[in-house]
Structure formats: structure tokens, C-alpha cells
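Here is what each chain is made of, one letter per residue.
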Amino acid sequence: MHTIWKGSISFGLVNIPIKLHSATEDKDIKLRNLHKECHSPIKYEKVCPICDVEVKTEELVKAYEYTKGKFVVLDDEDLEKLKKEKEDKAVEIIDFVKMDQIDPIYYDRTYYMSPGDGGGKAYSLLRKALEESEKVGLAKIIIRSKEQLAVLRVYENTLVMETIHYPDEVRKAGDVPNVPAEDKVTKKEIDTAILLIDQLTSDFEPEKYTDEYRTALLELIEAKRTGKEIVTPVEKAPAANVTDLMAALQASIDNTKPKKPAAKKKRASSKAKKEA
């Protein structure tokens with residue numbers, strides 16, 4: 001597994017050398033844009049609209065647009081100095097908290113942590129301490145020139161670091177338009193909805209879920225590549241437009257009820273044979 005970062009975890013006077021590895025991978029299918037006439041890949045060039053010339057990478061500078069059309073230019077030296085002042089290659093645990101106090105909306109990316117040279121025992125110690133305390137470590141780390149807030153926890157006997165958003169990066173739920181202020185539903189509707197939830201409740205088994213669109217797209221690409229006939233699957237019938245909430249809930253419950261075996265029919269058939 002590729003190492004993307006090397007450093008250490010520190011909490012109190014304990015220092016653990018570690019390595020970071022991406023825990024997830026992007027499996028999106030990347031499609032290229034081609035010229036329709038000749039099927040040549042389209043090039044994307046950096047062009048200055050004022051000078052009307054292509055700009056090379058070494059001719060670019062970074063800047064912050066503090067108001068429309070007004071920029072503060074930042075030199076590479078300024079950014080590098082600031083980065084070195086903050087980046088000491090350490091994951092500093094600043095607090096320990098209960099995991100259920102962190103809403104999932106804060107989570108961003110997940111990384112596996114492996115111990116560096118000589119860090120095995122301290123790694124095991126932190127892992128065991130987190131497990132028995134039932135807490136997670138709240139830490140800060142700089143990755144790719146950005147200071148991240150992160151959570152350290154245990155997943156399948158491995159320490160995991162999950163970067164999380166800062167509070168000012170999470171938009172306020174109160175700003176979402178058209179959200180009903182009050183629950184204008186009856187107790188019967190609530191009870192029926194809970195019954196439907198109970199019928200659809202199961203254990204989380206990740207293997208059950210697949211990216212059906214990606215699979216279909218890959219099959220389409222392979223079919224076109226090999227010149228096979230492309231068959232479009234029959235689409236599901238559109239759901240009935242039920243406007244009455246109770247009717248919709250009851251119809252949903254009826255559709256999710258397990259089908260009962262035709263036991264009575266079998267018993268009747270057996271009885272007829274005996275009489276014959």
C-alpha cells in the first residue's frame with residue numbers, strides 16, 4: 001500500500017512514528033472529451049485573456065481575490081515559509097472525545113495509519129487505549145499545504161485517521177430553504193412510517209451494495225469496444241403517483257411484506273389425495 005505521508009503521532013510526551021495510506025480509492029470512470037470530427041483528445045491550455053498568449057507553468061503566480069477583480073499576490077517564498085513554520089510532520093492529538101459527539105457531516109477523507117520503524121509498541125498502546133476508553137483522538141495535521149482537523153480511531157485492529165471539516169466549513173442547516181418548521185403529521189402516520197422502517201431494517205452488509213451505474217457503463221464500453229450488439233435493459237415501471245401520505249405508507253408496507261408460502265393449498269391437495 002502506497003505511503004502518502006510520514007511523520008508521527010504525539011499525545012502528551014508519547015511520540016509514535018507512523019505512515020499514512022489512503023483507505024479509499026476513487027473508482028469513477030474517467031471519460032475524455034474528443035473532437036467529434038477526428039476523435040482527437042481536446043487539449044486544455046492556460047491562456048491569458050489580456051495578452052492572448054498561452055502561459056507556461058513557470059509564469060504563473062498564486063493570488064487571493066479579496067474583492068471582484070482585486071488580488072493579493074502571494075510569492076512561493078511566502079507560502080513555503082508559512083508551510084515550514086506550521087508543518088513539523090506531527091499529528092498532534094489535542095483532545096480525546098466520544099465519537100458519537102461528532103456528527104457525520106464533519107467527516108471528509110479516511111487514511112490508514114501504520115507504525116514507522118520502532119513504533120510498533122507505542123502504536124499498540126494507543127490502539128488499545130482508544131478501544132478500552134471508547135474514545136477517539138482529536139488532532140491537527142498538515143497535508144498538502146492545508147492544516148486539517150482529524151479524528152484518530154480504531155478500525156479492524158488498525159489505527160485510522162479521518163480528516164474532518166472545521167465548523168466554519170460546514171454550512172448552517174438553518175440556511176436550507178423550505179424546511180418545515182413543525183412536524184404536521186398525525187400519530188397514525190408516524191406509527192405507520194415506523195412500521196415501514198422496521199420492515200426495511202437489516203444489518204449493514206457493505207458487500208450487498210454495488211455501483212450499478214458504473215457496472216452498466218463498463219459493460220457498455222466493453223460492448224462498443226468489441227463490436228457487440230448493445231441491448232438496453234427494460235426499465236422498471238414508474239412508481240404510482242400516490243398523493244395521500246397514509247396510502248403511500250400502507251402501499252409501501254404491503255410491497256415490503258414477505259410473501260407467505262402457499263401452505264394451505266398444499267394441505268388441501270394432500271387431503272384430497274387421501275380421500276381419493
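Scroll up for the structure.
From a predicted model like this one, the values you see are computed outputs, not experimental measurements.

Calculation notes
- Residues numbered from 1 in each chain as written.
- Predicted model: local features only at pLDDT ≥ 70, side-chain atom pairs only at ≥ 80, totals over all residues.
- Heavy atoms only, no water.
- Phe/Tyr/Trp six-rings, centres within 6.5 Å; stacked < 30°, edge-to-face > 60°.
- Helix = DSSP H or I, 4+ residues; strand = E, 2+ residues; numbered from the N terminus.
- Buried < 20%, exposed > 50% of the residue type's maximum accessible area, 1.4 Å probe, protein only.
- Pairing = 2+ DSSP bridges.
- Axes fitted to C-alpha atoms, helices over the stretch in contact; angles between N-to-C directions.
- Parallel < 35°, antiparallel > 145°, perpendicular 65-115°, else oblique.
- Left-handed = near helix turned anticlockwise from the far one by under 90°.
- Contact = heavy atoms within 4.5 Å.
- Salt bridge = Lys/Arg side-chain N within 4 Å of Asp/Glu carboxyl O.

**Q** Quick question: what am I supposed to make of the packing of aromatic side chains here?
**A** Two measures describe an aromatic ring pair: the distance that separates the ring centres and the angle between the ring planes. As enumerated under the stated definition, the model contains two aromatic pairs in all. Each ring, one from Phe-11 and one from Phe-96, has its centre 6.0 Å from the other, and the planes form 80°; the classification is edge-to-face. Linking Phe-11 in strand β1 (residues 5–11) with Phe-96 in strand β7 (residues 90–97), this pair joins segments that are 85 residues apart in sequence. On the basis of relative accessible area, Phe-96 is assigned to the partly exposed category, the value being 38%.

**Q** What is the right way to read the pairing of strand β9 (residues 136–143) from this model?
**A** Of all eight residues making up β9, seven are buried, and the element is well covered by its neighbours. Taken together, the five bridges between β7 and β9 define a ladder with antiparallel strand orientation. Residue pairing in the sheet places Val-97 in a bridge with Val-136 of β9. Two elements, β9 and strand β10 (residues 146–155), share seven bridges in a ladder whose sense is antiparallel. Residue pairing across strands places Leu-138 opposite Val-151, the latter belonging to β10. The hairpin formed by β9 and β10 contains two residues between the paired strands, and Arg-144 there has a positive phi angle of roughly 50°.

**Q** Which parts of the structure should I look at to understand the packing of helix α3 (residues 187–200) against helix α5 (residues 245–256)?
**A** Packed helices, taken two at a time, are described by the angle between their axes plus the distance between the axes. The contact between α3 and α5 brings their axes to 10 Å, and the two run at 25°. Taken together, the axes of α3 and α5 are roughly parallel relative to one another. The chirality of how α3 crosses α5 is left-handed. Facing Lys-188, Glu-189, Thr-192, Ala-193, Leu-195, Leu-196, Gln-199 and Leu-200 of α3, the residues of α5 in contact are Leu-245, Met-246, Leu-249, Gln-250, Ser-252, Ile-253 and Thr-256.

**Q** Is there a simple way to think about the pairing of β10 in this case?
**A** One face of the sheet, then the other: side chains in a regular strand alternate in exactly this way. Strand direction decides the pairing type here: β10 and strand β11 (residues 158–164), joined by seven bridges, are antiparallel. If you follow Tyr-155 over to β11, its bridge partner there is Thr-158. A loop of two residues connects β10 with β11, the two strands running antiparallel in sequence, and Glu-156 in this loop sits at a positive phi of about 50°.

**Q** What is the right way to look at the pattern of salt bridges in this model?
**A** Between side chains of opposite charge, a pair can form as their charged atoms come close. Under the definition given, this model contains nine salt bridges. Put simply, Glu-45 and Lys-43 hold a salt bridge, and the shortest N to O gap is 3.8 Å.

**Q** Explain the sheet that holds β7 to me, please; I cannot follow it from the model alone.
**A** For sheets, the rule is that strands pair by backbone hydrogen bonds, running either parallel or antiparallel. Taken together, the seven strands give a closed barrel; going around it, the order is β1-β2-β8-β11-β10-β9-β7, and neighbouring strands pair in mixed fashion. Sheet twist, expressed as the mean angle between neighbouring strand axes with direction ignored, is 40°. Taken strand by strand, helix α2 (residues 120–133) contacts β1, β2 (14–22), β7, β8 (107–115), β9, β10 and β11, and its axis lies near 75° from that of β10.

**Q** So what exactly am I meant to see when it comes to unusual backbone geometry here?
**A** Glycine aside, residues mostly have negative phi angles, and peptide bonds mostly take the trans form. The backbone of Asn-157 shows a phi angle near 70°, a positive value even though the residue is not glycine. Summarising the element assignment, Asn-157 is placed in the loop between β10 and β11. At Asn-178, a position not held by glycine, the phi torsion is positive, near 65°. Mapped onto the fold, Asn-178 is located in the loop between β11 and α3. Overall, the relative accessible area of 79% leaves Asn-178 in the exposed class.

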